[in-house]
Amino acid sequence: MSKNAAVSRVGSEQALAVYQALRARPDLGFDAGFDEVADRLELSADERERCREELAFLGLTAAHGTAGTGTRVVVDPDVALLRLLRRERDRLQDRLAATSRAHTAIEALAGPFLRAGAAPCSEVEVEIVTDPQRVARELTELTDTVRTAVHVMHTGSVRREDMTAELERDRSRAARGVRVRAMYSRRVGTVPEMTQHLADRAALGVELRLSPVVPMNMVLADENFALLPTDPHDPGSPTILARGPGLVRSYLALYEYCWQAASRYGEEPGENGGDGLSDQQRAALHMLASGIKDEQIARSLGVSLRTVSRLLSEVMQELGAASRFEAGVKAARLGLLDGEGPEHAA
């Protein structure tokens, strides 16, 4: 390769050239082969170090042997991708396990421990309600007693028979100057009846936002009332009914976080969030990198398999990747799989 051709390679192109040359000469070993290739490409000391770091970061080289005495070896791309996906899957499982532990703790707090141990001055009341009619009565009474604000999360569509009652509650609250915020899963915007219902709520002054992921159904009011399921994944699970700012403010903090991450109703989600990926595309990329199959991605996002294929094709195009493997590698290098931003500077 001529000097001019070598000089034209920068950043990842240099690392790719080194990697391809090393794979073509497996007999040399990484250390000797790297120096020979780097000399042939006329790389500077800084360029050599950057190539070493990038290949190691992408998992395309790995240590071989005991610590301190081992050497590095070249790793096949499919092996590197599998290791990357396994690592991301393990991280996701760790997060899910942590969430499960936190949910178990909430259930414990919402039971006899909290009622028995709460100080009188905290004025915290927690109850597990199993009767759906009791839950409906609490929501009706809330409409008459709320003073300042109501904050609601919906994981799915509102039942047709409940839409009229919800609009009546909105009118009552609006007449009394109560602020109402409601957050829905973005997929409900594709349901014709829900599209009209959202428009009707917005016309009554309800602040609406849509999110690709809504963690659970939730109703909060006046920093003093909370209604949420004991199991976010089971719509038929008993309901936690909590009163008292000492506990409700924690739920409100979660709601505020989700609210800020959601898109305003009537506005398309940003198509260029620094990396050019929409929220839905980013969610699909995370699940792909975690080893989740297209069918599961489709169920999680509430879309068809064809839409999942389109989303992943758009991700590949945005990242300039010719394959899902390359998209996963580039996403890892840019820090898109953990939300922490690029981990390496070019």
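Everything discussed here concerns the structure shown above.
Residues numbered from 1 in each chain as written. Predicted model: local features only at pLDDT ≥ 70, side-chain atom pairs only at ≥ 80, totals over all residues. Heavy atoms only, no water.

Q: Which residues make up the overall build of the chain, and what are the values?
A: Summing up its helical and strand segments, the chain has 14 helices and 10 strands in all. Counting only residues that meet the buried cut, the chain has 38% of its 346 residues in that class. Across the chain, contacts joining residues at least 24 apart in sequence account for 62% of those joining residues at least 6 apart. Accessible surface for the chain amounts to roughly 19200 Å². Of this, 53% is attributable to carbon and sulfur atoms. (Helix = DSSP H or I, 4+ residues; strand = E, 2+ residues; numbered from the N terminus. Buried < 20%, exposed > 50% of the residue type's maximum accessible area, 1.4 Å probe, protein only. Contact = heavy atoms within 4.5 Å. Areas by Shrake-Rupley, 256 points an atom, 1.4 Å probe, with all protein chains shown as cover.)

Q: Describe the packing of aromatic side chains, and please don't skip the residues or the numbers.
A: Scanning the entire structure with this criterion turns up one aromatic pair. Here the aromatic rings of Y255 and W259 are separated by 6.0 Å at their centres, their planes lie at 20°, and the arrangement is stacked. Pair noted here: Y255 and W259 are both in helix α10 (residues 245–261), with a separation of four residues, about one helical turn. Note on accessibility: Y255 and W259 belong to one class, buried. The side chain of R181 reaches across the aromatic face of W259, ending 4.8 Å from its centre. (Phe/Tyr/Trp six-rings, centres within 6.5 Å; stacked < 30°, edge-to-face > 60°. Lys NZ or Arg CZ within 6 Å of the ring centre and 35° of its normal.)

Q: Lay out the sheet that holds strand β9 (residues 239–243) in plain terms, naming residues and giving numbers.
A: Spatially, the eight strands line up as an open sheet ordered β3-β9-β8-β7-β4-β5-β6-β10, and their pairing is mixed. Each end of this open sheet is capped by a strand with a single partner; those strands are β3 (125–129) and β10 (263–264). Here strand β5 (residues 179–185) pairs with strand β6 (residues 207–211) via five bridges, running parallel. Each residue of the ladder has a partner; that of S185, found in β6, is S211. (Pairing = 2+ DSSP bridges.)

Q: Can you tell me about the packing of helix α2 (residues 12–24) against helix α4 (residues 45–57), naming the residues and giving the values?
A: It is at 9 Å that the axes of α2 and α4 come closest, and there the two elements cross at 75°. One element, α2, and the other, α4, form an angle in the roughly perpendicular class. For the pair formed by α2 and α4, the contact residues are S12, Q14, A15, V18 and Y19 on the first element and E47, R50, C51, E54 and L55 on the second. When grouped by side-chain class, the residues that make up the contact of α2 with α4 number five nonpolar, two polar and three charged. (Axes fitted to C-alpha atoms, helices over the stretch in contact; angles between N-to-C directions. Parallel < 35°, antiparallel > 145°, perpendicular 65-115°, else oblique. Nonpolar A, V, L, I, M, F, W, Y, C, P; charged D, E, K, R; others polar.)

Q: Break down the side chain of T61 for me, citing the residues and quoting the values.
A: Mapped onto the fold, T61 is located in strand β1 (residues 61–64). A relative accessible area of 4% means that T61 is categorised as buried. Setting aside its immediate chain neighbours within four residues, T61 contacts F30, L55, A56, R72, V73 and V75.

Q: Describe in detail the side chain of D170, supporting the description with residues and values.
A: Inspection of the secondary structure puts D170 in helix α8 (residues 160–175). If sequence neighbours within four positions are ignored, D170 has contacts with V180, R201, L204 and V206.

Q: Lay out the pattern of salt bridges in plain terms, naming residues and giving numbers.
A: Following the criterion strictly, the structure yields 20 salt bridges and no others. The salt bridge involving E193 is made with R160; its shortest N-O contact spans 2.7 Å. Taken together, the residues E193 in helix α9 (residues 192–203) and R160 in helix α8 connect sequence positions 33 residues apart. Residues participating in the shared-partner salt-bridge network are E127, R134, E138 and R243. (Salt bridge = Lys/Arg side-chain N within 4 Å of Asp/Glu carboxyl O.)

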